[in-house]
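# Coordinate inspection notes
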Amino acid sequence: MKTVVLGLCLTGAVWTAGAEESGDSISAEQLKEVVVTGNSARRRIENTRLGSERIEMSKMMQLPAFGGEADIIKAITLLPGVRSEGDGGGGFEVRGGNAYQNLVMLDGISLYNPAHVMGIFSTFNENSLGSATLYKGALPAMYGNAASAVLDTGLAPGDMEKYHCSASIGILAAKIMVEGPIVKDRLSFAVNARRSYVDAFLKMIPQYRSTVMNFYDVSAKLRYRISPGHLIDGSFFISHDNMAVADLMGMYWGNLGASINWTATTDDNLSFRTTVAFTHFSPKMSADIMDMNETMRTYIHNYSLNEKMRCMIADGHGLEFGLRSELLRVKSAEWMIGTSHEREIRSLWENSVWTEYAGSFARRLGVTVGLRLNVSSALSQSRFRAFQSAYPTFNRFDGKTYIEVEPRISLKYDITPLHNVKAGFGTSTQNLHAIRSSATSFPFDRYALTSAYVRPERSMQYGIGYTGMTENGAFDWSAEGYYRNMDNVYDYKDGRSSFSDIMIENIILGGRGRSYGAEFMFRKNTGRLTGWVSYTVSRTETRIPGINDDQWYNASNDRRHDISVTAIYRMTDRWNLSASWIFMSGQPLTAPDVKYEIGGETCYYYSRRNAYMTPSTHRLDFSAKYTHAGKKFTYEWAFGVYNAYCRYNPYVVYFEDDSTKPSGTRAVLQAMYGLVPSVSYTLKF
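The structure presented is a predicted model; accordingly, all values stated were derived computationally and were not measured. (Residues numbered from 1 in each chain as written. Predicted model: local features only at pLDDT ≥ 70, side-chain atom pairs only at ≥ 80, totals over all residues. Heavy atoms only, no water.)

### Observations concerning the overall build of the chain
Rules: In DSSP terms, a helix is any run of H or I states spanning at least four residues, a strand is any run of E spanning at least two, and both are numbered starting from the N terminus. Using a 1.4 Å probe on the protein chains alone, a residue whose accessible area is under 20% of its type maximum counts as buried, one over 50% counts as exposed, and one in between counts as partly exposed. Two residues form a contact once any of their heavy atoms are found within 4.5 Å. Surface accessibility follows the Shrake-Rupley procedure with a 1.4 Å probe radius. Residue values consider only the protein chains on display as shielding.
Summing up its helical and strand segments, the chain has 4 helices and 43 strands in all. Residue burial in the chain is summarised as follows: out of 685 residues, 53% are buried. Nonlocal contacts in the chain, meaning residues at least 24 apart in sequence, comprise 66% of its contacts between residues at least 6 apart. Of the roughly 29,600 Å² of accessible surface on the chain, 59% is carried by carbon and sulfur atoms.

Pasting the structure below:
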């Protein structure tokens, strides 16, 4: 069916035209409301895993969105125990972990720093997603290389029966979606593409004509039904960001990935799933100003093979077995400064086997027990590494193998059919360490692979919780407490940063971390007004010998209080309103206590790591949607405001001399995102 783009709306506007979506895509929920009373609450109650959350796509599409772009990352930060890195931060942090300690997957493809425009948008196009599940407690045994949490997403397959298409155009970005059968009932396709064009408007302003600021992402999925028991999915994903000022300086980064998933079912009790995937993450930064000519490149290459077998051994009892082989090749840094050229490349081969049992006893006790054995080897051969330095250094490329045993268990006991208690324990390891230079993730942070001198990061988490619901599922609630120990947490030495040394072991130190807290959630699921309230109180600390006098100090991602209130109100059959309010305590930062001069040079003295705190963050977002369904056309208007009361939240913290106070410095907090209105128009036929 042909799609025609007819117009453009106001600031932050999105106008959409296209055919009606299939039931497999998220966009199908935009213009059709499906209410199944109690199902969501019942699913949460019956889930054995503590801290597991299946994302409701229809609810995500109704939440207020920045610039009309619905964002799954922003949506999950409204859940307890999950928070954003801050306004403008693209990552999410779970139970004391930072964004790099999360495993983010798309149909088996590992994604790194999945954010656009330095975190304003995520790389997930909401039109392309079909499913998403967040694990923040004890992880299923099939997942590894995540010290904090796992966000597992999947692309929606194309319709096997009919063709559909839609297109959107707005101030910030344009999107297109096409799906349909190639061979009816056997082979289908779905393609989603998005491209921003902020720089097109900047060219209208003379002083910004040389500025480049855009991003794009494309996802595609082929589904081939070989027979009733065999299914092959081929998935492809690419995203890229470009930010530059003429030829003076630029920043570029993105993910390129693909996977093939083959699912085979022999009968109702036995199934196999084979996944082959790869990911290339490749940031680049350059500057050519006056006499300064610098270029920095990094990359992460990930190649993996995964096999999973599932069988039902009896009614209500199942077993899973699996293995995974993964090759990581990481360029921690390569920089060219003038005539100086330095680089560091390493490789790691990781192999895992795992098994998991899930069952129930006496209709009250649910048990999930898993065990994962992980063997990771730092590859020392010359073809797996490369090193070039302007200064001599002793060899740090010795080979070494680590063997990690990771037990995981989840228990659920039903007090009544409407109330239960849950408990969980799990360990997990991670071999890719991201050493952040700031409180938020950045595409050009340094990465360290597990080596002979850098040990795998190991996390051990304990949790207990209670969940309950009303008989009709109109309300449900939960309370969870957790404690997490983390070993081999790495941070920069005092006075060192990303560019201090090409040999990363020379500039980092390892130690311990701990996090503990309580999470509370209350949901209203039925009626004209639905929504939820979540509250998290927590503390995250780090202790690394050689830093902060070997004492515990607040981690850079410590946020003591995190509150979110989300409401969705169906005013009439045509009008829907939604709003969300968030509050987060201030974030720790390291600031100088005093300054002094030696030989005409100004020196700063830092007494403690992360001893100061930024102001708290809070804001209100809301939106309104009007839907009209006709005989041939259905159209929708959507209006939204981001940061409705213009709260100036801290985004960048820097220091400048205060001439009125010669013995001190002051932190200047630069705010971002004042009042941002948006309106969108959707037409489907």
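Next comes the rest of the write-up.
### Brief notes about the sheet that holds strand S5 (residues 102-106)
The criterion, for reference: Strand pairing follows a simple DSSP-based rule, namely that at least 2 bridges must link the two strands. Axis lines are fitted to C-alpha atoms, over the contacting stretch for helices. Their N-to-C directions set the angle, which ranges from 0 to 180 degrees.
The sheet built from 5 strands is open, its strands ordered S2-S9-S10-S5-S6 with mixed pairing. Across the chains shown, the open sheet's two edge strands, defined by having one partner strand only, are strand S2 (52-54) and strand S6 (109-111). Taking each pair of neighbouring strands and ignoring which way they run, the sheet shows an average axis angle of 20°. Here strand S9 (residues 129-135) runs beside strand S10 (residues 149-155); their pairing, made up of 6 bridges, is antiparallel. Note on S10: the bridge partner recorded for Ala 132 is Thr 153.

### Some details on the pattern of salt bridges
Rule in force here: What makes a salt bridge here is a side-chain nitrogen of Lys or Arg within 4 Å of a carboxyl oxygen of Asp or Glu, nothing more.
What the rule picks out here adds up to 30 salt bridges. When the shortest N-O distance is used, the salt bridge between Lys 74 and Asp 71 registers 3.6 Å. With a relative accessible area of 10%, Asp 71 lands in the buried category. A single network of salt bridges, built from pairs that share partners, joins Arg 44, Glu 53, Glu 56, Asp 476 and Arg 523.

### Topic: the nonpolar core
To keep it simple, the criterion reads: Only buried residues count toward a nonpolar core. Its members are Ala, Val, Leu, Ile, Met, Phe, Trp, Tyr and Cys residues joined through side-chain atoms within 4.5 Å.
Among the nonpolar cores identified, the biggest contains 31 residues, and Ile 72, Ile 76, Phe 92 and Phe 124 are the most heavily contacted of them. Put simply, the parts of the chain that give this core at least two residues each are helix H2 (57-62), helix H3 (72-76), strand S4 (92-94), S5, S6, S9 and S10. If one sorts the elements of this core by residue count, H3 sits on top with 4 residues. Non-local contacts of Ile 72, meaning those with residues more than four positions away in its chain, are made with Met 57, Met 60, Phe 124, Leu 129, Ala 132 and Thr 153. Among the nonpolar cores identified, the runner-up in size contains 16 residues, and Met 243, Met 251, Leu 348 and Ala 434 belong to it.

### Some thoughts on the environment of Thr 368
Summarising the element assignment, Thr 368 is placed in strand S22 (residues 365-378). The exposure class assigned to Thr 368 is buried, which follows from its relative accessible area of 8%. As for Thr 368 and Ala 358, which are separated by 10 residues in sequence, their C-alpha atoms are 4.3 Å apart. Sequence-distant contacts of Thr 368, defined by excluding residues within four places in its chain, comprise Thr 48, Arg 49, Glu 356, Tyr 357, Ala 358, Arg 408, Ile 409 and Ser 410.

### Here we look at a nonpolar patch on the surface
Rule in force here: Patches here: salt-bridge-free residues with over 30% relative accessible area, like charges joined within 9 Å, nonpolar side chains (Val, Leu, Ile, Met, Phe, Trp, Tyr) joined within 5 Å.
On the surface, Leu 323, Val 353, Leu 371, Leu 373, Ile 403 and Val 405 cluster together into a nonpolar patch covering about 500 Å² of accessible area. Going through the elements one at a time, S22 and strand S24 (400-416) are the ones with two or more residues in the nonpolar patch. Mapped onto the elements, Leu 371 comes out in strand S22.

### Details of the pairing of strand S12 (residues 173-183)
Inspection of the sheet shows S12 paired to strand S13 (residues 187-196) by 10 bridges, in the antiparallel sense. The residue of S13 that forms the bridge with Ala 173 is Ser 196. Where S12 folds back onto S13 in an antiparallel hairpin, the turn is made up of 3 residues, including Asp 185, whose phi is positive at roughly 65°.

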